[in-house]
Amino acid sequence: MNRPLINWVTRLILLYATTCCSLVRATTTTTPQELLRGFTATPSPSAASFQPFLSDSTGNYSLGFLRVNRTQLALAVVHVPSSEPVWTANPALLARWSDQTRVFFNGSLVIADPHTRVFWSSDTSGDRVWLSNTSNLQIEKLDQPHSVLWQSFQFPSDTLMETQNFTTAMSLVSSNGLYSMRLGFDYIGLYAKFNERSGSGQIYWNHKALEAKAVITEGQGPIYAVLNPDGFLGMYQNGSTPVDVQSFSSFQQPGSGNRRVRLEQDGNLKGYYWTGSNWVLDYQAISRPCELPSPCGSYGLCQPGKGCSCLDNKTDHNSGRCTSPEKNSGDFCGRDDGKYTVLRSSGVELPYKELMGYEEMASLDQCESACHVNCTCWGAVYTNSSGFCYMLDYPIQTLVGVGDETKVGYFKVREGAGKGSAEVGVGVAMLVGAVLVLCLGVGFGWYKFGGRRWRRGVGGGYAEDEGGGGGAVGPYKEMGSASFRSIELCER
């Protein structure tokens, strides 16, 4: 048989084997499109970031284990092409990535660790779990047509998907837990929770319904919001006519892909559409960085066009922060929490002062005194021209730098809250230097007094001590040896 024929047959066999293996692999790794009672799954150690166990009919969305911070996991719905999570079961309480953690469906969809707790449960009595091609996770009863017992669209996390209704009973919460979006009587509001004791949080942005095409009528039910496929976030009360339209950049442009809105970790609300290969930014509620709730962090100063610095004009903001966060919470009402120093800064104002309450006071001293005697007050900003005193019942966040020196801030800084990273670095350097000096001093002392293994002879010379009598003995030899080891440790 000639060689070309043998090569051709060999290639045909290899192609057949490769095709069969590919088909077998595709068959064995296909993600199911429904979960029935009795289903259970545990996270695999080999999964790098996401382990799916339920898919929609298009393969665009999957439910599975999402790895968080390497050692934890969340039960999440993920947009597969971009690996972006669009829904998370309980982002505030994460389970361990461990073979002890499991998800099961016994009528309720549950994620639990048998040795610890139930992290989340749908609390239902259903027969089937499935995922729609819009990413809506649903639990149904099979003997009742169109009986949806539970759906993820009614319990959003940080993302609102296209055509998903957002009602007054819901809230979007950023993945870091600091910010939330809620509906009021006639507006959408964004809120910051800088203090666990501050109740519903401080509102820092709102959009009131313009009511151009329809009017909100009291007693006719609450409003709701919908992300429309035509590229806008609409508010409605009754019927199909919106009471407000927030247009995106791609408003009524054909060809735009699936849309989503997400409350980001910096507190901004952003809209995106999918191009087939990536998500394109299409809308943002806050366009100027200094208008965000805390763009420069605690005790930071945001200057438009210049960037971030620190209120004290001493700490280097390039270190990443202006103060240590560990004691930047609570209030000053406790015995151990009442000690603080005062930081004053002029030419500053709050980024969302129009949405804050204030008191009219005759002077800056009166404004400062009102905050000083109030143990829940962290600071105050006073405007001399208007007499408005804005008092803050939460730890100081970013202030905005303005040219008006009559706008003055009075801020409490908890004692023992720590220094910025730059000052900590200086302290560490000084400590290391002191240790080196100490080591050198001990080494010199050993060398001069106890470390020489020589003894003066009868003739006035030096003779090496071989360990017998006559040289440095007892504690002197031991001291020399210990000092030598100390020098080695310091040099490493």
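Residues numbered from 1 in each chain as written. Predicted model: local features only at pLDDT ≥ 70, side-chain atom pairs only at ≥ 80, totals over all residues. Heavy atoms only, no water.

Visitor: Any chance you could explain the side chain of Asp113 here in plain terms?
Guide: Here Asp113 is to be found in strand β9 (residues 109-113). Given a relative accessible area of 2%, Asp113 falls into the buried group. Side-chain polar atoms of Asp113 contact the side chain of Arg96, separated by 2.7 Å. Apart from the residues within four sequence positions on either side, Asp113 is in contact with Arg96, Gln100, Thr101 and Phe119. (Helix = DSSP H or I, 4+ residues; strand = E, 2+ residues; numbered from the N terminus. Buried < 20%, exposed > 50% of the residue type's maximum accessible area, 1.4 Å probe, protein only. Polar contact = N/O pair within 3.5 Å; in protein donor to acceptor, adjacent residues only side chain to side chain. Contact = heavy atoms within 4.5 Å.)

Visitor: What's the story with the pattern of salt bridges in this structure? I'm lost.
Guide: A side chain of one charge can pair with a side chain of the opposite charge when the charged atoms of the two come close. Within the structure shown, the criterion is met by 15 salt bridges. The partner of Glu140 in a salt bridge is Arg128, with the nearest N and O atoms 2.8 Å apart. Linking Glu140 in strand β12 (residues 137-140) with Arg128 in strand β11 (residues 128-131), this pair joins segments that are 12 residues apart in sequence. Here Arg128 falls in the buried class, since its relative accessible area comes to 19%. We note a salt bridge from Glu354 to Lys353, for which the minimum N-O separation is 3.3 Å. Ionic contacts of the salt-bridge type, sharing partners, join the residues Glu349, Lys353, Glu354 and Lys407 into one network. (Salt bridge = Lys/Arg side-chain N within 4 Å of Asp/Glu carboxyl O.)

Visitor: Could you clarify how one ought to interpret the environment of Pro289 in this entry?
Guide: One can find Pro289 in the loop between β25 (279-284) and β26 (300-303). Residue Pro289 is classed as exposed on the basis of its relative accessible area, which comes to 55%. Linking Pro289 and Asp266, residues 23 residues apart in sequence, is a C-alpha distance of 9.7 Å.

Visitor: I would appreciate a short explanation of the state of the cysteines in the present structure.
Guide: Note on terminology: a disulfide is the covalent bond linking the sulfur atoms of two cysteines. Tallied over the entire structure, the rule returns six disulfides. In this model Cys296 forms its disulfide with Cys308; the gap between the sulfur atoms is 2.0 Å. Its S-S torsion of about -75° marks the bond between Cys296 and Cys308 as left-handed, since a negative value means left-handed. Linking Cys296 in the loop between β25 and β26 with Cys308 in strand β27 (residues 307-310), this pair joins segments that are 12 residues apart in sequence. Accessibility expressed as a relative area gives 35% for Cys308, which makes it partly exposed. (Disulfide = S-S within 2.5 Å.)

Visitor: What is the right way to read the sheet that holds β27 from this model?
Guide: Where strands meet in a sheet, backbone hydrogen bonds hold them as pairs that are either parallel or antiparallel. Sheet architecture is open: four strands sit in the order β27-β26-β33-β29, paired in mixed fashion. Every other strand in the sheet has two partners, leaving β27 and β29 (348-349) as the edge strands with one partner each. (Pairing = 2+ DSSP bridges.)

Visitor: What exactly am I supposed to notice about unusual backbone geometry here?
Guide: Glycine aside, residues mostly have negative phi, and peptide bonds are mostly found in the trans state. Positive phi is not limited to glycine here, since Tyr299 has a value of about 55°. Relative to the elements of secondary structure, Tyr299 occurs in the loop between β25 and β26. A residue is classified by how much of its surface remains accessible, and Tyr299, at 6% relative accessible area, is buried. Of note in this structure, Asn313 is not a glycine but carries a positive phi near 60°.

Visitor: How should I be thinking about the pairing of strand β31 (residues 379-383) in this particular structure?
Guide: Consecutive side chains along a regular strand alternate between the two faces of the sheet. Most of β31 is tucked away: five of the five residues are buried. The side-chain alternation of β31 yields two buried faces, one formed by Gly379, Val381 and Thr383 and the other by Ala380 and Tyr382. Relative to strand β32 (residues 388-392), β31 is paired through five bridges, and the arrangement is antiparallel. Along β32, the bridge assignment pairs Tyr382 with Cys389.

From the geometry alone we can't say anything about function, so treat these as descriptive.
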